[in-house]
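Tertiary structure, described
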Amino acid sequence: MRIAFTTHRMSLSQSLEVDRRGLLLEIRSQFSLDWNGHHGGHHWGRVRQHGLTIARRRGADLLVVELFAFLHDSQRADEFGDPGHGERGAEYARSLQGRYFNLSGDQLYQLTRAIQHHSGGQKSTNATIQSCWDADRLDLGRVGIRPHPQYLSPEGGRYIESAYRWSRGSPRRDLNWPT
Ligand SMILES: [Fe+2]
């Protein structure tokens, strides 16, 4: 499945608030790990898809969830450790505000909090933040880990089996990344 970033369903106001093409080119240009690795673009595409599915069910913020998918691992410098990558990712997201998107104060707070703490195993009562974390955790199958409902919302838990099959699937889903 190829994902066309410019054609998915969003409200008109949301679509006018974000320069997706410019943003994706910017993120990819500075990404230092293997694009096809565990934390690269294929993972981000699955996180995006999981996140949008869950966010729609929960009435969460679709734009924040999508931006989380693109940004949460964008500052990783190591595939295995790198505990500071969440904080750096949140800082990077703040630096892009006003250049590629114009989030409200609440949206920027949710995005940066979700990015900063995404690998800590916490849960959140905020539907948008938890949709982001659900989406990332649902792709643990790519490293052989079956997602556990303890770390997911009830809505996210509905997708454990299908997400696991997708993460383990071959060939990997490609991204229609702008060039
Ligand atoms: Fe991730």
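Refer to the structure printed above.
Residues numbered from 1 in each chain as written. Predicted model: local features only at pLDDT ≥ 70, side-chain atom pairs only at ≥ 80, totals over all residues.

Before going further, it helps to spend a moment on the overall build of the protein chain. From N to C terminus, the protein chain includes 9 helices and 0 strands. The N-to-C order of helical and strand elements in the protein chain reads α-α-α-α-α-α-α-α-α. Considering the protein chain as a whole, with its 179 residues, one finds that 38% of them fall into the buried category. Within the protein chain, residue pairs in contact and separated by at least 24 positions form 63% of the contacts whose partners lie at least 6 positions apart. (Helix = DSSP H or I, 4+ residues; strand = E, 2+ residues; numbered from the N terminus. Buried ≥ 20, exposed ≤ 12 C-beta atoms within 10 Å, placed from the backbone. Contact = placed C-beta atoms within 7 Å.)

This brings us to the nonpolar core. Counting 32 residues, the largest nonpolar core has Val65, Leu67, Phe68 and Leu111 as its most contacted members. Those elements that provide at least two residues to this core are helix 2 (20-30), helix 3 (41-58), helix 4 (62-71), helix 5 (85-96), helix 6 (105-116) and helix 7 (127-137). (Core = buried A, V, L, I, M, F, W, Y, C linked by C-beta atoms within 7 Å.)

As a further point, take the packing of helix 4 against helix 7. Between helix 4 and helix 7, the shortest axis-to-axis distance is 9 Å and the interhelical angle comes to 35 degrees. In this structure, helix 4 crosses over helix 7, and the sense of that crossing is right-handed. On helix 7, the residues touching Val64, Val65, Phe68 and Ala69 of helix 4 are Thr128, Ser131, Cys132 and Ala135. Its residues assigned to classes, the contact of helix 4 with helix 7 comprises 6 nonpolar, 2 polar and no charged. (Axes fitted to C-alpha atoms, helices over the stretch in contact; angles between N-to-C directions. Left-handed = near helix turned anticlockwise from the far one by under 90°. Nonpolar A, V, L, I, M, F, W, Y, C, P; charged D, E, K, R; others polar.)

Phi at aspartate 82 takes a positive value of approximately 65 degrees, unusual for a residue other than glycine. Turning to its location among the elements, aspartate 82 is positioned in the loop between helix 4 and helix 5. For aspartate 82, a count of 16 C-beta atoms within 10 Å translates into the label partly exposed.

None of this, on its own, says anything about what the molecule does.
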